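# Coordinate analysis (summary)
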Amino acid sequence: NLDCELPLHMPIDLESGKEFLWVAREATAGAVAGFATDSIFFGLDSYKTMNQVEAKQVKVSRLFRGLLPVTLMGTAPSVGCFFAIYELTKQIAAEQGLSVSSSVFVASLLGAFPASLVAVPSDVVKKRLNLGLAQTPIEAVTQAISIHRGLGGLMVGWQANMGKDIPFAVFKLTLFEAFVRQLESMDSWRIGSSRGEPAGPYERTACGLLSGAATAVITNPLDVVNTRMKASSQTGVVMAEMAATVVRREGLSALFFAGLGPRMAIIGLGSGVFWGAHGHCRRALGLDDPPASPTSGFRKD
C-alpha cells in the first residue's frame, strides 16, 4: 500500500496533467482511509487524551464529542496532504536511484511537515472538548482565540505537533517497510504466500499492527507533552518546559506511560484498519490494485 503505481522508468511529467490526477487520487484515498480510521477509533483516542492529563476522570459523554468536525476538517485534509506529497516524493526519489529505505524516509519526512500543521487547529478543538474545557466545537474555537488573543490560539502547540508527527511518520513507515521486507524473505510465518512472494493483505495488516504499536511506544512522551500543552491555559509554553513540568509533578514515568495502553491500541489496530481501507479506496478510485509489498517498483537496497 505504501507504493505508488507509476512505473519506475516513467519520468514524472507534471505538464501532462495525468500526474496531477494521479496525485489527487492518491490524496483522496489517503483522506478517506484516514477519516474512516479516525472515526472508528475516535472514542478510544479521546479516552487516551483524558488519561494523559493529571486528575482528569474519564467521562463517557465526552468520548465522541466533536467527531465529525474534527475528522472532516482535521484528519481528512491532513492525511490527504500527507499522501499527496508522500507518493509523489517517493516516486521522484526512486527515479533518482535512492534505495527503498531512503525513498520512504525522505517522502515521509517531507509529507509530515505540512500534514502536521494542517491538523493542529482540529487537534486543539478535540482536546478542549475531550477534557471538558468546552462543550461544542464553536465554543472550543472561541475559547482558544480568546485565551491566546488571536487566531494563533488555534495553532497552540504546533511545535509539539510537529515534534511528535514528524518522527511518528518516519518511524511508522520505515518500520512498516522493514517488517514487510523481512516477512517476504522468510520461509515460515507466511499467510497464503511463499518466500520471495509479495506480502498479502493479511500480512500487510499484521505488519501495520506491529509497526504502529512500536511507533506508539517510541513517540508517547511527545504525545503526552502535546496533550498537556493544548490543555494548558498558559501562553508561550514550549515543549521542553512542559516536559519538565510533567516530570517534576508526576515523575518520569508519566511521560512514557500516561495513556500508553490506549495509544498502542489506537495506532496498532488503526494501522491495520487504515491500510485495508486505503487499498479499497485506491481500487474504487480507479488506481491499480495496491501491490502486496511497498517495495514493488523500487530498487532494492
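Per-chain numbering applies: the sequence of each chain, read as written, is numbered from 1 onward. Reporting in this predicted model follows two pLDDT cut-offs: at least 70 for local features of residues, and 80 or more for side-chain atom pairs to be given and counted; totals over whole chains, interfaces and linings ignore these cut-offs and use all residues. Side-chain descriptors were evaluated using all non-hydrogen atoms of the structure, hydrogens and water having been removed beforehand.

### Examining the overall build of the chain
Looking only at helices and strands, the chain features 10 helices and 0 strands. Only runs of H or I of at least four residues qualify as helices and only runs of E of at least two qualify as strands under DSSP, and these elements are numbered from the N terminus. Along the chain direction, N to C, the helices and strands of the chain fall in the order α-α-α-α-α-α-α-α-α-α. Burial here depends on accessible area, computed with a 1.4 Å probe over protein chains only, as a share of the maximum for the residue type. Under 20% is buried, over 50% is exposed, and the range in between is partly exposed. Among the 301 residues that make up the chain, the fraction classed as buried is 51%. Note on contacts: a residue pair is in contact if any heavy atoms of the two residues lie within 4.5 Å. If you take every contact in the chain between residues at least 6 apart in sequence, the share linking residues at least 24 apart comes to 76%. Here the open area of atoms and residues is found with the Shrake-Rupley method and a 1.4 Å probe, where only the protein chains shown may cover a residue. Surface exposure of the chain reaches about 13400 Å², of which carbon and sulfur atoms provide 65%.

### Structural notes on the pattern of salt bridges
Whenever a carboxyl oxygen of Asp or Glu lies within 4 Å of a side-chain nitrogen of Lys or Arg, that contact is scored as a salt bridge. Scanning the entire structure with this criterion turns up 11 salt bridges. Two residues, K126 and D45, come together in a salt bridge whose shortest N-O distance is 2.9 Å. Taken together, the residues K126 in helix α4 (residues 100-130) and D45 in helix α2 (residues 42-52) connect sequence positions 81 residues apart. In this structure K126 comes out as buried when scored by relative accessible area, which is 6%. With a shortest N-O distance of 2.8 Å, K127 and D123 are connected by a salt bridge. Separated by 4 residues within a single helix, K127 and D123 lie in helix α4, roughly one turn from each other. Given a relative accessible area of 14%, D123 falls into the buried group. It is possible to trace a salt-bridge network through shared partners that takes in D45, K48, K126, K164, D165, D223 and R263.

### Here we look at the side chain of K48
Examined against the element boundaries, K48 turns out to sit in helix α2. Judged by its relative accessible area of 4%, K48 is buried. Ignoring any residue separated from it by four or fewer positions in sequence, one finds K48 in contact with D223, G259, P262, R263 and I266.

### Side note on the layout of surface pockets
The space that makes up the largest pocket amounts to roughly 300 Å³. Two kinds of site are reported from a 1 Å grid over the protein atoms alone, namely cavities, where a 1.4 Å probe fits but cannot get out, and pockets, open sets with protein on both sides within 12 Å along at least five of seven lines, and residues are called lining when an atom falls within 4 Å of a point. For the largest pocket, the lining is made up of 14 residues, of which R228, S232, M242, T245 and R249 are closest to its centre. Ranked by residues supplied to the lining of the largest pocket, first place goes to helix α8 (residues 239-250) with 7 residues. When residues are sorted by character, Ala, Val, Leu, Ile, Met, Phe, Trp, Tyr, Cys and Pro go into the nonpolar class, Asp, Glu, Lys and Arg into the charged class, and all the rest, Gly among them, into the polar class. Residues that form the lining of the largest pocket fall into these classes: 5 nonpolar, 3 polar and 6 charged. Grid points are joined across faces, edges and corners, and a volume is the space filled by probe spheres set on the points.

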